[in-house]
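Coordinate analysis (summary)
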Amino acid sequence: MTKSLIIFDLDGTLIDSVPDLADGVDKMLAHFDKSPASTDNVRTWVGNGSVKLVERALVWAELSLDNLHHAHEIFLKEYATCQGKTMEYNGVTDGLNRLIKQGLTLALCTNKPAQFLPDILNNMGWTDKFACVIGGDSLPTKKPDPAPLLHICTTLGIDKSQAVMVGDSKNDITAGQNAGITTLALTYGYNYGEPIADSRPDGVFDNFGDLVASLL
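Residues numbered from 1 in each chain as written. Predicted model: local features only at pLDDT ≥ 70, side-chain atom pairs only at ≥ 80, totals over all residues. Heavy atoms only, no water.

**Describing the domain arrangement of the protein chain**
The assigned domain composition of the protein chain is domain 1 (5-16 + 86-215) and domain 2 (17-81). For domain 1 versus domain 2, the separation of C-alpha centres amounts to 24 Å. Between domain 1 and domain 2, the residue contacts involve 14 residues of the former and 16 residues of the latter. Interface area for domain 1 against domain 2, summed over the two sides, is near 1,300 Å², with a carbon-plus-sulfur share of 50%. Ranking the residues of domain 1 by area buried against domain 2 places Phe116, Tyr190 and Tyr192 at the top, with a combined share of 43%. Across the pair Asp16 and Arg43 runs a salt bridge, and its minimum N-O distance is 3.7 Å. Considering only residue class, the side of domain 1 that touches domain 2 consists of six nonpolar, four polar and four charged. (Domains from an automatic or database assignment. Contact = heavy atoms within 4.5 Å. Buried area = accessible area lost by both parts, 1.4 Å probe. Salt bridge = Lys/Arg side-chain N within 4 Å of Asp/Glu carboxyl O. Nonpolar A, V, L, I, M, F, W, Y, C, P; charged D, E, K, R; others polar.)

Encoded structure:
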């Protein structure tokens with residue numbers, strides 16, 4: 001596949017962040033005297049940004065959504081202290097380095113709030129890997145809206161025909177399809193318990209190494 005720009009999702013694609021997100025959710029729920037949510041539950045709640053994550057947690061805990069704004073603020077504060085369990089998926093750093101070595105431009109487009117990205121990228125050793133980084137609140141809209149992907153292409157001066165969107169959820173694939181960008185999917189991430197192949201990406205891979213090989 002001959003492309004020049006690879007746009008990656010973050011959670012569920014490059015990193016497994018569910019253990020830390022679950023800790024943040026549990027600490028938020030504790031403020032309302034509710035039992036912890038399991039990591040399995042949180043894994044199915046991730047993908048639409050932090051507000052939607054908290055909303056799903058409140059519904060699960062049978063709390064009124066009138067609490068959503070306050071609960072979200074609590075979650076952001078608590079999640080900021082929960083950064084010790086997030087890990088890269090097998091082979092990601094090596095794969096990113098191989099792509100860069102071949103002259104490809106890498107970008108990051110995630111629905112995670114932008115405030116958390118510098119620390120995560122620093123912890124992973126990826127601060128110099130991405131030419132453009134877009135968080136879920138960096139622009140007026142987020143995935144599955146195609147606008148963030150098109151913004152990246154415009155910012156980097158690369159035609160969308162030369163771009164690939166790599167993700168693990170239907171939000172990533174739908175955003176890429178709506179932007180007219182090639183889409184590649186990874187099966188190991190977070191997609192609400194649904195097979196990512198159902199979203200009909202242009203390619204599906206079970207591990208990061210095989211995906212990188214296809215891009216090279």
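**Details of the packing of helix α5 (residues 92-101) against helix α9 (residues 208-215)**
For the pair α5 and α9, interaxial distance at closest approach is 9 Å and the crossing angle is 5°. Here α9 runs roughly parallel to α5, going by the angle between their axes. Seen from α5, the contacting residues are Val92, Gly95, Leu96, Arg98 and Leu99; seen from α9, they are Phe208, Val212 and Leu215. When grouped by side-chain class, the residues that make up the contact of α5 with α9 number six nonpolar, one polar and one charged. (Axes fitted to C-alpha atoms, helices over the stretch in contact; angles between N-to-C directions. Helix = DSSP H or I, 4+ residues; strand = E, 2+ residues; numbered from the N terminus. Parallel < 35°, antiparallel > 145°, perpendicular 65-115°, else oblique.)

**Brief notes about the sheet that holds strand β4 (residues 105-109)**
Read across the open sheet, the six strands follow the order β5-β4-β1-β6-β7-β8; overall the sheet is parallel. Pairing within the sheet leaves two strands with one partner each, and these edge strands are β5 (132-134) and β8 (203-205). Geometrically, the sheet is characterised by an average inter-axis angle of 20° between neighbouring strands, direction not taken into account. In this fold helix α8 (residues 170-179) packs onto β6 (163-167) and β7 (182-186), with an angle of close to 170° to the strand it touches most, β7. Along the sheet face, α9 touches β1 (5-8), β6, β7 and β8 and points at about 160° away from the line of β7. (Pairing = 2+ DSSP bridges.)

**Remarks on the packing of aromatic side chains**
For the coordinates displayed, the defined rule picks out five aromatic pairs. Ring centres 5.5 Å apart and planes at 5° place the aromatic pair Phe75 and Tyr79 in the stacked group. With Phe75 and Tyr79 both in helix α4 (residues 68-79) and four residues apart, this pair spans about one turn of that helix. (Phe/Tyr/Trp six-rings, centres within 6.5 Å; stacked < 30°, edge-to-face > 60°.)

**What to know about the pattern of salt bridges**
Counted according to the given criterion, the structure contains seven salt bridges. Between Asp11 and Lys112 there is a salt bridge; the shortest N-O distance is 3.0 Å. Of the two residues, Asp11 sits in the loop between β1 and β2 (15-16) while Lys112 sits in the loop between β4 and α6 (117-124), which places them 101 residues apart along the sequence. Judged by relative accessible area, Lys112 falls into the buried class, the value being 6%. One salt bridge connects Lys85 with Asp23, and the closest N-O pair in it is separated by 2.9 Å. Remark: Asp23 occurs in helix α1 (residues 18-31) and Lys85 occurs in the loop between α4 and β3 (87-88); sequence separation between them is 62 residues. You can call Lys85 partly exposed: its relative accessible area is 46%. Overall, Asp23 belongs to the partly exposed group, its relative accessible area being 22%. Linked through salt bridges whose partners overlap, the residues forming this network are Asp9, Lys143 and Asp172. (Buried < 20%, exposed > 50% of the residue type's maximum accessible area, 1.4 Å probe, protein only.)

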